[in-house]
Amino acid sequence: MNPALHRIAWTVVAARLAAPAAADEPVDRDAWQTIGRAWFRAGDGPLRGAEPPAEYADCGRCHARIAAEWRGSLHGNAWSDPLFQVSYRREPEPFCRSCHAPLSPEREPSGAAARDGISCAVCHVRGGEIYGSRARARDPAGHAVQASKDLANPGFCGGCHQFGFFVLPERRGVARFEGPYVQQATFAEWADSRQAKLGLRCHDCHMPPQRADGGEPWRSHAFPGADSDLLLQAVQVQAQAHATAEGTQVEFTVTNRAGHAYPTGDLFRRALLEVRPTGTPNGDAELRQYLFTRVFIRATGASPTHGPWTSNRIADDTRLQAGETRRLTWLLPRTERIQWVLWDDKMPTPDPRQTAPSSPTRRRALARGEIAVQ
Ligand code: HEC
Ligand code: HEC
Ligand code: HEC
Ligand code: HEC
Ligand code: HEC
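Quick notes on the rules
Residues numbered from 1 in each chain as written. Chains lettered and ligands numbered in written order. Predicted model: local features only at pLDDT ≥ 70, side-chain atom pairs only at ≥ 80, totals over all residues. Heavy atoms only, no water. Buried < 20%, exposed > 50% of the residue type's maximum accessible area, 1.4 Å probe, protein only. Helix = DSSP H or I, 4+ residues; strand = E, 2+ residues; numbered from the N terminus. Arc of directions from axis to C-beta. Phe/Tyr/Trp six-rings, centres within 6.5 Å; stacked < 30°, edge-to-face > 60°. Donors = N, O, S within 2.8 Å, 3.2 Å for Na, K, Ca; no water. Contact = heavy atoms within 4.5 Å.

Draft legend 1. Molecular detail of helix α3 (residues 64–71). Listing the buried residues of α3 in full gives A67, E69 and W70. Within α3, the buried residues cover an arc of 160° as seen down the axis, which keeps them to one side.

So this is what it looks like as structure tokens:
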């Protein structure tokens, strides 16, 4: 993904967010179920009807740029992704493939279905037809395209980016089904946001328009996420420190301009703000930390068909919701300078409360700074 193009995309998004009069676009809060679940499924079994027409099966032969973007994306690596593999080996459930390798006919994906993860056909082919978001005249160099507005709807993404914990029935210990407690809620977070009311869709931020050689524009299939500079532009930190009679009063404001909570998505993610006085002998002892995360606890329930079951539910959520600005204050000992850093972390287990600095499997400093005490 070209970072320069990406900055242009965020400039467009920021201009829409800054619009003084909030537009009030209707938001379909059930679209993840009506559209998303019509295209995709969460459960044990392959996605059916997505076999591409044989003569067009190698999409990348003609759509080379899109194919190269997708190959490097987490969609193109949804099964081979090392972080996924670690967690799958710990919890090797057949239902994992319904989102991470949807075309696998085997319970244990292998070959092309594993290599390609969420392949072109998963999103574009049903009943032997190739679907796009708009109608266009048939191009003699290509194939017929069925137009469906579903592809341009956030509910389409919600087919996988919104789901509940799968539950473990106490009787028949292997049969699992999606329970009532939400695990990932990126679609619902979006549907509740001002960004959604302004008409900013998932696609506007995650599939920014690309153009090359003055040709037809296309939408990026690199699906930039938290590892790209999209995140750097969306989350903003401001810091101030004042000397008072009691010590040093520090104040932070952290703003999330993404179209959903930050962090969103899977349960292995958290953000950690660390603040400490600079140059005092026991600066580290004065370290202050704030976690933006969800905390999950065990939950139980019962179903008429499966009997009692166990699952997880959210007990606490300190993440920044879409558009939220959080003010955080601390009183530190007297000092002249304050150092701070905001970490974006992926944790090895779904308990994001672990605070040892060495424990994340992947860590990136989103923003850091040093300020003089006023
Ligand atoms: C033989 C070459 C060829 C192959 C193979 C091929 N396509 Fe196409 N496709 C084209 C051409 C040419 C067009 C029309 C011009 C364009 O938009 O690139 C097109 C158009 C499309 C469109 C509509 C584009 C728009 O602007 O609305 C979609 C979606 C699409 N293809 C998806 C696929 C998928 C998915 C595959 C693999 C299953 C595939 N294509 C395989 C040549 C091909
Ligand atoms: C995760 C779902 C997903 C995957 C995987 C995916 N696409 Fe798309 N693609 C979309 C969506 C959604 C759109 C329409 C965006 C819009 O119009 O708002 C699109 C648009 C297109 C278009 C129309 C031109 C454009 O970019 O607007 C083509 C051509 C295309 N995709 C080809 C491919 C090919 C080839 C692959 C595999 C290399 C692929 N897509 C993989 C979701 C996907
Ligand atoms: C078939 C299920 C499926 C659909 C449909 C789908 N996604 Fe995803 N998406 C995933 C999975 C699974 C991952 C994570 C893969 C991994 O890390 O193992 C992912 C990852 C992502 C990421 C993170 C990419 C990164 O590199 O950090 C973004 C952003 C994203 N999806 C956006 C979208 C958008 C926007 C749409 C709709 C146009 C969409 N997805 C449709 C399943 C899906
Ligand atoms: C206004 C822009 C915007 C909109 C709209 C938006 N996102 Fe995002 N998204 C971001 C930003 C910025 C990030 C990075 C912050 C974060 O990781 O939470 C992000 C992160 C993500 C991630 C985490 C990626 C990772 O690497 O783990 C996923 C998944 C995702 N978005 C999916 C979606 C889906 C699905 C929708 C629509 C329902 C959507 N987004 C709507 C801006 C947006
Ligand atoms: C209903 C769809 C769905 C199912 C079922 C599902 N996932 Fe995911 N998974 C996703 C989506 C969407 C993301 C991307 C969220 C993000 O990037 O924050 C994801 C991301 C992940 C990640 C983070 C990858 C990374 O690089 O950060 C791991 C690990 C993971 N899933 C493991 C699993 C395992 C193990 C299973 C089965 C026990 C499973 N998932 C079942 C949709 C699903």
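Draft legend 2. Representation of the packing of aromatic side chains within the structure. Summed over the entire model, instances satisfying the criterion amount to 13 aromatic pairs. Plain terms: the ring middles of F40 and F156 are 5.0 Å apart, the flat faces sit at 75° to each other, and that makes the pair edge-to-face. Here F156 lies in helix α8 (residues 154–158) and F40 lies in the loop between α2 (31–39) and α3, a separation of 116 residues in the sequence. When its relative accessible area of 5% is taken as the criterion, F40 is described as buried. On the numbers, 4.9 Å between centres and 65° between planes, the contact of Y290 with F292 is edge-to-face. With a relative accessible area of 1%, F292 lands in the buried category. Among the aromatic side chains, those forming a connected cluster through ring pairs are W39, F40, Y131 and F156.

Draft legend 3. Representation of the coordination of the iron atom of ligand 5. Within the protein, just one atom coordinates the iron atom of ligand 5: H100 (NE2), at a distance of 2.2 Å. Mapped onto the secondary structure, H100 falls in helix α5 (residues 97–100).

Draft legend 4. A look at the environment of T300. Positionally, T300 belongs in strand β12 (residues 294–303). Among all residues touching T300, those that are not within four sequence positions of it are Y181, W309 and T310.

By themselves, these are just geometric observations and shouldn't be taken as functional.
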